[in-house]
Amino acid sequence: MSDDTAWRRSPGPGPLLLGVRHHGPGSARAVRAALDAARPRAVLIEGPPEADALIPLAADPEMRPPVALLAHAVDEPGRSAFWPLADFSPEWVAVRWALEHEVPARFIDLPATHTLAWGREEGEAVAIPGTEPDEPGAGRQEPDAAEEPDGRGRKPDAADESPTDRQLRVDPLAALAEAAGYDDPERWWEDVVEHRGGTGERDVFAPFAAVEEAMGALRETYGAGGRDRDPVREAHMRQRLRAAQREFGERVAVVCGAWHVPALRAKTTVAADRELLKGLPKVRTDMTWVPWTNRRLARASGYGAGVDSPGWYGHLFRAPDRPVERWLTKVAGLLREEDRIVSSAHVIEAVRLAETLAVMRGRPLPGLGETTDAVRAVLCEGSDVPLALVHDRLVVGDVLGEVPEAAPAVPLQRDLVREQRRLRLKPEALERELELDLRKDTDAGRSRLLHRLRLLGIDWGEPAESRGSTGTFRETWRLRWEPELSVRVAEAGVWGTTVEGAATARAEADAEHASALADVTGLAEHCLLAGLPDALPVVMRALADRAALDTDVGHLAQALPALVRSLRYGDVRGTDTRALAEVAAGLAERVFVGLPPACAALDADAAEEMRGHVDAVHTAVGLLGETAPQTQTAAASADGTGVLSPSGQSPSGHRDLRRRWRAVLRTLSGRETVPGVLRGRAVRILLDEGELGPEEVARLMGLVLSPGTPPADAAAWIEGFVGGSGGGGMLLVHDERLLGLVDSWLTGVPAEAFTDVLPLLRRTFSVYEPGVRRTIGELVRRGPGERLQGGAAQTGGTPGFGAEADAGRADAVLPVLRLLLGLDVLDVLDADNDLVGAGR
Amino acid sequence: MTVSVEPTDPTTIESALRPHAEHAFAAELAALAAQDDRPRPARWKMSPWAVATYLLGGTLPDGTVITPKYVGPRRIVEVAVTTLATDRALLLLGVPGTAKTWVSEHLAAAVSGDSTLLVQGTAGTPEEAIRYGWNYAQLLAHGPSRDALVPSPVMRAMAEGMTARVEELTRIPADVQDTLITILSEKTLPVPELGQEVQAVRGFNLIATANDRDRGVNDLSSALRRRFNTVVLPLPESPDAEVDIVARRVDQLGRSLDLPAVPDGIEEIRRVVTVFRELRDGVTADGRTKLKSPSGTLSTAEAISVVTGGLALAAHFGDGVLRAGDVAAGILGAVVRDPAADRVIWQEYLETVVRERDGWKDFYRACREVSA
């Protein structure tokens, strides 16, 4: 009845063209009002026609936006495009309206089969297009929807574009808004289109007429705006529109980007349009719904042309009235949850400030800018910290979309099946063990796949202890495919369309959210194992950041060995580990600077722990030095005086690292505030490295073991110096001078202090091998220390030996010697000290 | 009778070492007020929009050029002016040297045409400075009366509907601060001795400044805090702006201290500013490496003093050219405030950032020398 009158009120003859701003809540509301008023017989929507079959799923109660239509090439799941839809997207509103009113809805844009093929033709993104699941969505916001399906065809910073052109392509309404002096296109739309002439009953079609007019003017000036594929897409839209008009008559509504409206209105011939659509490349594609998140809608996450503030837009769309008051109340609620004191009086003042600011800036209503300023000044007391929280939780929002189970399988699943086939690795419910030799290509591929799946939380295989060899090129896995893993695969589909791409995206996200340094190091190791070089830069950056801000040298020292280990693994697998080496060197550098102060004033337990760190760092620095020839690094490029040398960028950098490490140890060894065990350890390492001569070591030891040092401290020093099973005992066996120092110190320990040092000494010497212990015991019984007394060591002679031969013992050997040499008479035999020594 | 400061006569303005904002920029204020046709809040000399223009600069329809008084985000000035228009008190926060006082003076001058209703906050600021005092001779001779009352600048601002200013609010003892609560919430100042009160006239408002690095001094009670809208004045946004500010101030200071002219210091100034910014922001200028921030403020003002000190060194003890060695010691002093923690931060910075930077060899060496 009234249908026909309503239709006649629509602007102009022909179909009802509703030019919208993608993801504009204002547009969405206007579209709904216009559809309600016009009640068309069919709704045509800008989007890939392959998705027509998926439209009914939008009515599924389990379907909750934000969601995205995902198109991907069947044979190449990495080639994909997304069309994200939020509940405030006009397209979503149109789809829902059509479903509610049982009116057919059709997508009319160029089929994804062509748009995806375009990307392939140009040979773009052959590598791994699905790496960043966010990025490929050249889709919805841009009026040139899937023009660059992989999002890589044209980066926004393509050289030949002026900023205006770029903005026009991204968002023509934003260009218009900017021309009108607005920084927020949504505000401009609200101000100019929605609040225009608000007297009396508003004409629901007036905004669209106005936009059509403006777009007509824009397109007259800019033509296709540098989008050479638009004519083709628009030709297809016109063709679909004609088909719909034949089927449903004139009463057809079209919801499309405002940019396209003039083109759809234009009079062209069927023949001309057909000509444009001839010979388009094709690729077999598949479509499905995937869940989306607000964060990915937000531009900040790298999504080419998203919206800055999906949360705010959602609020604008949902709030029935008083958007500003409701918004500020929401903000206050959030801040209260975070234990900030925010009273209703605060909210009142914030509303007043926002409204006055709007007046001052000449706007009819406060927008996001005004409310944010008010929140900062009133609710956050000028601080940006809580404001960041507000931005994260409300302005962007934490909404995660849901897709019903009936939606077709995600491409990740297909990719996994393909990989399984390629690597001849069948999913079996029965548990079995798999031995991999990483030197073989297939096995290396299998290892990578399993590691990637683990990163994605799909625990098909679990690493097991190798039974046989422990070489770095062997891996053992325990495999078992559980049915619920399929669910996990579907869930992981959020991360990307290929296993590799998804794992990379997941690793990057994990790296950004990891809290502890050790987590990131573990992740870096995992990335190398899983062969995800593309994730490494992000992970490394996160690692460097965490390392820079971590004030606990212990954490850094723990991270270093794992990193160096990764470095060596990387070598085995032929991964480029230069970035890793650089970060490792930087980490070592930080350890060097932080270690001496961190070693001061530690109690016994802390000192013991720190000793472990010192040893770990020592090993790591050594390995880092060995890895040097393959890896160049800019770090650690100073020569002795710390001056940059041009040759500093050479592999010698790592050797330099070792030198600097020794300097740190020297500092440690000489600092009184450093616990004895650490000083002793430092001296020991320096001795082993040949940095300190035996003379110097003896001097240092004598210093520590002199009566001025508290016995407990001296005992700790000894533990650090010769403790541990790492050949500490042999040192004492071979260098009797040191043993003599220990011996004479020990005998000089006062009786009352002896019980204090006994546990320490016991700990030190009990780990020696029995043979070493016995030898030392014998040496001590013989009394090396006694002979040293009287300054024998200073007057010369081989260390550990008396200045003169022991005539009595030498004589005892003589009969045997005579027998051996066959000499009957040997008048004066110079008893050979060496011979005696060698006998021991 | 009320003691009031007589309007300064023109000859004094001429010879004043530093004229008040409303005198120095009288012509601009007059031009703005004359051409301002937007609605003005009660007793405002001009509309909020014109006040914002006065601070941010611009050109009026008749061609009068308004010089910018504050170089920074427009948003900040807009929020500040709007706050005053909504009769909420304004609290300007910021580290030293971010033009808090300067902005507050110009705001008062533009809004009320008078920036002299000022209470300087110190640890010894008494309650009388904010409420009222007594003229004891009068009080003894005639007993308590309105005539014996000595009003504070705040009281006068209330009575006349003007803008009062409180400098360094957080330095004022907490009990004295709290006398502001009644004034700001009830907009009235009772005088119990006389059984009277002074009610604020429309147009009264208050601008306070506080240093947010000294938060510990006398933190505002939340009751008082609630009466203020807070605007944080940021440090210069871009390195170039900061280098410019430092170079200009150093030049002025050097002249007033009669330092010999030292050429070509700009490179060294750039380095000082870079070091300060990087440590302050906790990230290198290229945004690739994060850093720990030391405990000091490292404000622009400190960068200025480091460069000035370096200039003096170069002029008197060096070869007359500002070199890395001349500023190194100053930087060390500014960065290392806490001898233990800050020193580690500084050395880490030297070893991981400065050492590898092209063309910073001499600077690295100089810093190593003084740090050792």
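Residues numbered from 1 in each chain as written. Chains lettered and ligands numbered in written order. Predicted model: local features only at pLDDT ≥ 70, side-chain atom pairs only at ≥ 80, totals over all residues.

**Notes on the overall build of chain B**
Keep this limit in mind: A helix here means a DSSP run of H or I that spans at least four residues, while a strand means a run of E at least two residues long, and both kinds are numbered starting from the N terminus. Partly exposed residues are those falling between the two cut-offs: more than 12 but fewer than 20 other C-beta atoms within 10 Å of their own, whereas 20 or more means buried and 12 or fewer means exposed, with C-beta atoms placed from the backbone. Each residue is represented by a C-beta atom placed from its backbone, and any two residues with such atoms within 7 Å are regarded as in contact.
Within chain B, the secondary structure is distributed over 18 helices and eleven strands. The buried share of chain B, taken over its 372 residues, is 46%. Relative to all contacts within chain B whose residues are 6 or more apart in sequence, the contacts with residues 24 or more apart total 69%.

**Points about the overall build of chain A**
Each helix and strand in chain A was counted, giving 38 helices and ten strands. Looking at chain A residue by residue over its 840 residues, the buried ones come to 48%. A sequence separation of at least 24 residues applies to 75% of the contacts in chain A between residues at least 6 apart.

**Comments concerning the sheet that holds strand β11 (residues 228–232) of chain B**
Residue and element names in this part refer to chain B. To keep it simple, the criterion reads: Any two strands are treated as partners once DSSP identifies two or more bridges connecting them. Throughout, an axis means a line fitted to C-alpha atoms (over the contacting stretch in the case of helices), and angles, computed between N-to-C directions, take values from 0 to 180 degrees.
In spatial order, the strands read β4-β7-β10-β3-β11; together these five strands make up an open sheet with parallel pairing. The open sheet is flanked by β4 (118–120) and β11, the only strands paired with a single partner. Averaged over all neighbouring strand pairs, the angle between strand axes comes to 20°, with direction disregarded.

**Points about the interface of chain A and chain B**
Often, the extent of an interface is quoted as the loss of accessible area on bringing the components together. To keep it simple, the criterion reads: Any residue that is not Ala, Val, Leu, Ile, Met, Phe, Trp, Tyr, Cys, Pro, Asp, Glu, Lys or Arg is counted as polar, Gly included; the first ten are nonpolar and the last four charged.
Each partner contributes residues to the interface: chain A has 33 residues there, and chain B has 34 residues. Breaking the side of chain A that touches chain B down by element, the ones donating at least two residues are α15 (344–360), α16 (368–379), α23 (536–549) and α25 (578–598) of chain A. Residues belonging to the side of chain A that touches chain B are distributed by class as follows: 17 nonpolar, eight polar and eight charged.

**With respect to the sheet that holds strand β5 (residues 105–107) of chain A**
Residues and elements named next belong to chain A. The strand order β1-β6-β2-β5 describes an open sheet built from four strands, whose pairing is parallel. This sheet does not close on itself; its edge strands, each paired only once, are β1 (16–20) and β5. Going across the sheet, the axis of each strand differs from the next one's by a mean of 20°, ignoring polarity. Sheet topology places strand β2 (residues 42–45) next to β5; three bridges connect them, and they run parallel. Bridged to leucine 44 within β5 is arginine 106. On the sheet, helix α2 (residues 25–38) packs against β1 and β6 (252–257) and is oriented at approximately 170° with respect to β1.

**Describing the nonpolar core**
All names here are of chain A. Filter applied, for reference: Each nonpolar core reported here comprises buried Ala, Val, Leu, Ile, Met, Phe, Trp, Tyr and Cys residues connected via C-beta atoms within 7 Å.
Ala94, Val254, Val539, Leu560 and Ala584 are the most contacted members of the largest nonpolar core, which has 315 residues in total. If you tally residues by element for this core, the top one is α25, at twelve residues. Beyond its immediate stretch of four places on either side in the chain, valine 254 contacts Pro15, Leu16, Leu17, Leu18, Leu44, Leu241 and Leu264.

**Some remarks on the packing of helix α14 (residues 266–281) of chain B against helix α15 (residues 300–316) of chain B**
Residue and element names in this part refer to chain B. Note the cut-off: Rotating anticlockwise by less than a right angle from the far helix to the near helix defines a left-handed crossing, while the corresponding clockwise rotation defines a right-handed one.
Relative to each other, α14 and α15 sit at 145°, their axes nearing to 10 Å. Like other packed secondary-structure pairs, α14 and α15 cross with a definite hand, here right-handed. Together, Glu268, Ile269, Val272, Val273 and Phe276 of α14 and Ala303, Val306, Val307 and Gly310 of α15 make up the contact between the two elements. Along the lines of polarity and charge, the residues of the contact of α14 with α15 split into seven nonpolar, one polar and one charged.

**Overview of helix α6 (residues 100–112) of chain B**
All names here are of chain B. Quick note on the threshold: A helix is expected to span 1.5 Å for every residue after the first.
Over its 13 residues, α6 runs 18 Å from end to end, which matches the ideal 18 Å to within 8%, given 1.5 Å per residue. Taken across its 13 residues, α6 has eleven buried, putting it largely inside the fold. Of the residues making up α6, those classed as buried are Lys100, Val103, Ser104, Glu105, His106, Leu107, Ala108, Ala109, Ala110, Val111 and Ser112.

**A short note on the confidence of the model for chain B**
All names here are of chain B. Condition: For every residue, the predictor states its confidence as a pLDDT score lying anywhere from 0 to 100.
Across chain B, the average pLDDT comes to 84, with 91% of residues at 70 or higher. For residues 1–5, every residue scores under 50 in pLDDT, and the model assigns this stretch four contacts once sequence neighbours within four places are set aside. This complex was scored by the predictor with a pTM of 0.65 and an ipTM of 0.75.

**Describing the pairing of strand β10 (residues 205–211) of chain B**
For a regular strand, the rule is simple: side chains alternate between the two faces of the sheet. Residues and elements named next belong to chain B. The element β10 is extensively covered by neighbouring structure, given that six of its seven residues are classed as buried. Strand direction decides the pairing type here: strand β7 (residues 163–167) and β10, joined by four bridges, are parallel. Its bridge partner being in β10, alanine 164 is matched across the sheet by leucine 206.

**Focus on the packing of helix α14 (residues 323–337) of chain A against helix α17 (residues 384–397) of chain A**
Residue and element names in this part refer to chain A. Note the threshold: An angle below 35 degrees is read as roughly parallel, one above 145 as roughly antiparallel, one from 65 to 115 as roughly perpendicular, and any other as oblique.
At a minimum axis distance of 10 Å, the contact between α14 and α17 shows a crossing angle of 115°. For the element pair α14 / α17, the angle class is roughly perpendicular. Crossing hand, α14 versus α17: right-handed. Where α14 approaches α17, its residues Lys330, Val331, Leu334 and Leu335 are matched on the opposing element by Pro386, Val390, Arg393 and Leu394. Along the lines of polarity and charge, the residues of the contact of α14 with α17 split into six nonpolar, no polar and two charged.

**A word on the confidence of the model for chain A**
Residues and elements named next belong to chain A. Scored by pLDDT, chain A has a mean of 75; 77% of the residues are at 70 or more. Across residues 1–6, where pLDDT falls below 50, the model places four contacts with residues more than four positions away in sequence or in other chains. The model gives residues 828–840 a pLDDT under 50, and that stretch makes seven contacts with residues more than four places away or in other chains.

**Focus: α15(B)**
Helix length check: α15(B) (17 residues) gives 24 Å between terminal C-alpha atoms against 24 Å at 1.5 Å per residue, within 8%. Residues of α15(B) that are buried: B:Thr300, B:Glu302, B:Ala303, B:Ile304, B:Val306, B:Val307, B:Thr308, B:Gly310, B:Leu311 and B:Ala314.

**Points about the environment of A:Leu412**
All names here are of chain A. Examined against the element boundaries, leucine 412 turns out to sit in helix α18 (residues 411–422). Residues leucine 412 and glycine 493, 81 residues apart in the sequence, show an inter-C-alpha distance of 5.6 Å. Excluding its chain neighbours within four sequence positions, the residues that come into contact with leucine 412 are Val489, Ala492, Gly493, Gly496, Thr497, Thr498, Val499 and Ala502.

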